[in-house]
Amino acid sequence: MAPEANLAIRNGLPPAALSLPVEGMTCASCVRRVEKALAAVPGVAQAAVNLATGRAELRLEGAPDLPALATAVERLGYAVPEETTDLSVEGMTCASCVGRIERALRAVPGVREASVNLATGRAVVRHVGGLDPAALETAVGRAGYAARRAALEAAAAREEREREGREREQRSLGRATLFAGLLTVPVLAIEMGGELVPAVHGLVEATIGMRASWYLQFVLATLVVFGPGLRFHRNGWPNLLRGTPDMNSLVALGTGAAWAYSAVATFAPALLPADARHVYYEAAAVIATLILLGRYLEARSKGRTSEAIRRLMGLQAKTARVERGGEALEIPVGEVRAGDVVLVRPGERVPVDGEVLDGASFVDESMVTGEPVPVRKEAGARVVGGTVNKAGAFRFRATAVGADTVLAQIVRMVEAAQGAKLPIQALVDRVTMWFVPVVMAVAAAAFGIWLAFGPDPALTFALVNAVAVLIIACPCAMGLATPTSIMVGTGRAAETGVLFRRGEALQSLRDAAVVAVDKTGTLTKGRPELTDLIPAPGFEADKVLALVAAVEARSEHPVAEAIAEAARRRGLSLDEAEAFEAVPGYGVAATVAGRRVEVGADRYMARLGHDVAASAEAAVRLGDEGKTPLYAAVDGRLAAAIAVADPIKETTPAAVEALHRLGLKVAMVTGDNRRTAEAIARRLGIDEVAAEVLPDGKVAVIERLKDGGRRKVAFVGDGINDAPALAAADVGLAVGTGTDIAIESADVVLMSGDLRGVPNAIALSQATMRNIRQNLFWAFAYNVALIPVAAGVLYPAFGLLLSPVLAAAAMGLSSVFVLSNALRLRAFRPPMVASAATSEPMPPVGAGEAHGAPGGVPA
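Residues numbered from 1 in each chain as written. Predicted model: local features only at pLDDT ≥ 70, side-chain atom pairs only at ≥ 80, totals over all residues. Heavy atoms only, no water.

Another point: the overall build of the protein chain. What the protein chain contains, in helices and strands, is 30 helices and 28 strands. In the protein chain, buried positions account for 55% of the 859 residues. In the protein chain, of all internal contacts separated by at least 6 residues, the share reaching a separation of at least 24 is 71%. With an accessible surface of roughly 34,400 Å², the protein chain has 57% of that area assigned to carbon and sulfur atoms. (Helix = DSSP H or I, 4+ residues; strand = E, 2+ residues; numbered from the N terminus. Buried < 20%, exposed > 50% of the residue type's maximum accessible area, 1.4 Å probe, protein only. Contact = heavy atoms within 4.5 Å. Areas by Shrake-Rupley, 256 points an atom, 1.4 Å probe, with all protein chains shown as cover.)

A separate point is the environment of Lys712. Residue placement: Lys712 occurs in strand β26 (residues 712–717). The partly exposed category is assigned to Lys712, whose relative accessible area is 37%. Along the chain, Lys712 and Arg510 lie 202 residues apart, while their C-alpha atoms are 9.3 Å from each other. Contacts of Lys712, omitting those with residues within four sequence positions, involve Asp511, Ala512, Ala513, Val514 and Asp730.

Let's shift gears to the packing of aromatic side chains. Scanning all chains against the criterion turns up 12 aromatic pairs. Between Tyr215 and Phe267 the ring centres are 5.7 Å apart and the planes differ by 20 degrees, which places this aromatic pair in the stacked class. Of this pair, Tyr215 sits in helix α7 (residues 210–225) while Phe267 sits in helix α9 (residues 247–267), and the two are 52 residues apart along the sequence. By relative accessible area, Phe267 is classed as partly exposed at 48%. Plain terms: the ring middles of Phe218 and Tyr281 are 6.1 Å apart, the flat faces sit at 70 degrees to each other, and that makes the pair edge-to-face. Taken as a pair, Phe218 in helix α7 and Tyr281 in helix α10 (residues 281–305) lie far apart in primary sequence, 63 residues in all. In textbook terms, an aromatic cluster arises when at least three aromatic residues are bridged by ring pairs, as seen for Tyr215, Phe218, Phe226, Trp259, Phe267 and Tyr281. (Phe/Tyr/Trp six-rings, centres within 6.5 Å; stacked < 30°, edge-to-face > 60°.)

It is worth spelling out the sheet that holds strand β17 (residues 512–518) at this point. Here we have seven strands laid out as an open sheet, ordered β16-β28-β27-β26-β17-β24-β25, and mixed in their pairing. The strands lining the two open edges of the sheet, one partner per strand, are β16 (498–500) and β25 (688–690). Each adjacent strand pair in this sheet contributes to an overall mean axis angle of 20 degrees, direction not counted. Judged from the five bridges that link them, β17 and strand β24 (residues 665–669) form a sheet pairing that is parallel. Bridge pairing in β24 links Val515 to Val666. (Pairing = 2+ DSSP bridges. Axes fitted to C-alpha atoms, helices over the stretch in contact; angles between N-to-C directions.)

Soluble, globular proteins show a tendency: their nonpolar side chains are buried together. Ranked by size, the top nonpolar core spans 159 residues in total, and within it Leu20, Leu105, Phe500 and Leu733 carry the most contacts. Per-element tally for this core: the top contributor is helix α28 (residues 757–791), with 14 residues. With 29 residues, the next largest nonpolar core counts Ala549, Ala550, Val551 and Val644 among its residues. (Core = buried A, V, L, I, M, F, W, Y, C linked by side-chain atoms within 4.5 Å.)

This part is about α7. For α7, which comprises 16 residues, the first-to-last C-alpha distance of 22 Å matches the rise-based estimate of 22 Å (1.5 Å per residue) to within 8%. What α7 keeps buried is the set Ser213, Trp214, Gln217, Leu220, Ala221, Val224 and Val225. An end-on view of α7 places all buried positions within 135 degrees of arc, on one side of the element. (Expected span 1.5 Å × (residues − 1). Arc of directions from axis to C-beta.)

Here we come to the pairing of strand β9 (residues 327–332). Bridge count for strand β8 (residues 319–324) against β9 is six bridges, and the pairing is antiparallel. Bridge pairing links Arg321 to Glu330 in β9.

Moving on, we come to the sheet that holds strand β2 (residues 44–50). With respect to topology, three strands assemble into an open sheet ordered β1-β3-β2, the strand pairing being antiparallel. Single-partner strands in this sheet number two, and they are β1 (17–21) and β2. Averaged over neighbouring strand pairs, the angle between their axes works out to 20 degrees when direction is ignored. Note that β2 and strand β3 (residues 55–60) share six bridges and pair antiparallel. Bridge pairing in β3 places Asn50 opposite Arg55. The strands touched by helix α2 (residues 66–75) within the sheet are β1, β2 and β3, with β1 carrying the most contacts at an inclination of about 40 degrees.

Take unusual backbone geometry next. In this model, Asp456 is joined to Pro457 through a cis peptide bond whose omega is -5 degrees. Structurally, Pro457 is set in the loop between α14 (424–453) and α15 (458–472). Backbone geometry at Asp635 places phi at a positive 55 degrees, although glycine is not the residue there. The topology assignment puts Asp635 in the loop between β22 (628–634) and β23 (637–645). Taking the relative accessible area as the measure of exposure, Asp635 reaches 42% and is therefore partly exposed. For Glu692, which is not glycine, the phi torsion reads 55 degrees and is therefore positive. Position of Glu692 relative to the elements: it lies in the loop between β25 and α25 (698–706).

Take the pattern of salt bridges next. Evaluation of the coordinates by the stated rule reveals 25 salt bridges. In this structure, the salt-bridge partner of Arg106 is Glu102, at a minimum N-O distance of 3.7 Å. Taken together, the residues span about one helical turn, with Arg106 and Glu102 both in helix α3 (residues 95–106) at a distance of four residues. Looking at Arg106, the relative accessible area reads 39%, which means it is partly exposed. Classification of Glu102 as buried rests on a relative accessible area of 15%. Put simply, Arg596 and Glu581 hold a salt bridge, and the shortest N to O gap is 3.5 Å. Of this pair, Arg596 sits in strand β21 (residues 595–600) while Glu581 sits in strand β19 (residues 577–583), placing them 15 residues apart in sequence. Relative accessible area serves as the criterion here: at 39%, Glu581 is assigned to the partly exposed category. One network of salt bridges, with partners in common, ties together Glu82, Arg112 and Arg126. (Salt bridge = Lys/Arg side-chain N within 4 Å of Asp/Glu carboxyl O.)

On to the packing of helix α22 (residues 616–624) against helix α24 (residues 674–684), then. Between α22 and α24, the shortest axis-to-axis distance is 8 Å and the interhelical angle comes to 55 degrees. Considering the angle they form, α22 stands oblique to α24. On α24, the residues touching Val620, Gly623 and Asp624 of α22 are Arg675, Ala679 and Arg682. In terms of residue class, the contact of α22 with α24 is made up of two nonpolar, one polar and three charged. (Parallel < 35°, antiparallel > 145°, perpendicular 65-115°, else oblique. Nonpolar A, V, L, I, M, F, W, Y, C, P; charged D, E, K, R; others polar.)

Residues Thr652, Ala655, Val656, Ala658 and Leu659 constitute the buried set of helix α23 (residues 652–661). Down the axis of α23, the smallest arc covering the buried residues is 160 degrees, so these residues share one side. Buried residues in α23 make contact with β17, α18 (519–523), β24, α24 and α28. Gly663 sits one or two residues past α23 and shows a positive phi near 85 degrees.

Now for the environment of Ala493. Residue placement: Ala493 occurs in helix α16 (residues 475–495). When the C-alpha positions of Ala493 and Gly757 are compared, they lie 9.7 Å apart, and in sequence the two are 264 residues distant. With sequence-adjacent residues up to four places away left out, Ala493 is seen in contact with Val498, Phe500 and Leu764.

This is the structure:
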């Protein structure tokens, strides 16, 4: 996305959408439960909950009822955290203004408290998470005042709060794990040490006695199970009683059963058969400790999956030097207003988007475009907030601040993509909905079978294997398998200049078999250039060009502009054209310095009676090269053959080659004439050409390329006329230097403005989906393989049983494995890495679509 483009990325979510934060979810069954509860709230059309981000993405049929949504979540034992929004309010003059604004804000559904400060002109609003701050601005506006927030600051503040929340959770889990570990070690040493080392057993019996050791273990294990481990029981039992068990329920059942059985054996042994009077305090304590350790490691890993957002927001400058009242003031970037004049010194970050007024420098825009080469900026050039000024200094006028800056919009887009739910997740949801109840049924079956058919002590075997089944099951890994990979993958994509506006494109792009590409502005630069001027005998090239350019200077057609620009580059002085005339469908004519000059296509020359036979051979050659031949006549004589073409972007050939290496077919869809289109296709190695296609015909071409739905088609374009094709394709990719409408219709935005982003996006899609499949395979294979082992199926043949302690360790490691595997995507290297060295431009080929001859004459 070049800063010169008039680009505004909107939020990737549809208008009737809401992103609601949810706290307390621990596994995939939690996700399903919250989704069902939210979907049941009137007005919610669809609910998709993401375990990794801790957010619910809702599609609504009307205005959101935030209190009802929060209540639905809280009834399940989860929480919708509160958020705080700061507003800058303008127009207040007295205390009555304060009261009026506070009442207006408190009337917004979901607002819990609003406090307005007249002196600072700020309002602090405490509200349910997910409330759109725009609703607060609207409420203040209706009260007769103006309110504004800086969206990037709001996003940064939210991210900071969420980061602090994650850190608090990590610290809490770390302390709980350490405390539980210190208490568990003596229990483990007394019980397991006594079984493994006879001398330890003898020492315990000779000193405190076995009965007293059971009392000591009871105290220590109780402190673990109902101290740090209380979180499992606090969440698990209520969910179990509601008939919606989750991972906490499994852990609470497992540790509770081991602890309760041991307590009975300790204090009421007469209730148990003599050969079943054993204690399993070490199992209860170690299971709780190991699962706490797994949660701690999981929390640390989950915190790293959102680093892309933090890095993006870290690009925002904190302050800006603004000219106000005749002096330069350094103010917080959130206080910069559109229209302010901002000063940027060497080495500083550009604080907001704007247009350079004076001064010159080179700016590193790699964070936006992925291009490592700094771009020269001088008067009239666009600059993007967050980019880095290198050597010089300049002043610019702020044109976009807060929510409207490119960086703020990128952050919103990445957040929206990270919260997406891929189609593959539907399978996971169906499985996890039944997973915990099935596990509990398997545990109950294992208990019954061992109790009925197991060797003595049957009750002991039944308890140990049922607890092992409960503990080994890990819906956490299933729930994290997809969203963590999406978070890391889309974040890494943003860092490489590829923005997924819709997370679903991650999956569909991997399956693309054909990449259809618009020509003008995508394969080519989108602006015609003069490539050839062949003077007739008796005419000089520069003199003819000066005459032709003088005529074309009166026209606004792109081809005319190309000829005029060529004359300016050669330093030719142009006389004033008089009696300018445009003949629709033919060409243009005017009088320059007393000489009659006519420029147009061959049919215009024929209409005027000029013989073009002498230049016919050159015209055919130019046409075969994909150039548009024109003719110029001076004072009734043919003066020159002229060729205009749209240059191919320097990066296009390598990008097409990379797509072929990925095994994809490349098709070109263009409104240009077939000869020009086929000339470009030959030079670039494009497989299929659809030429002379009108804008509304591009959709039909896309449908044909789909081959009745048997092939997935990705379409790449940049113009307004590409919007329908972008929407009709299985995946639409908009070149970032294109129009807003094209970008709004696309699933993916290529920030660098060239085709290299396409193979990068496809390669990253393939890497992310491969990562998701690895995660899902591990999560499902782990459970399918180890739940039967935990139930004791290997015992009859091999005499092997899985200890509940080992089951707890394996369960914790499964989630850590999934998260660690997802984090590997951070090391993804795009196949098309921008080179610091500039490549040689390809010779221009082909005129722009429907550009044709000057004066609006079609080619």
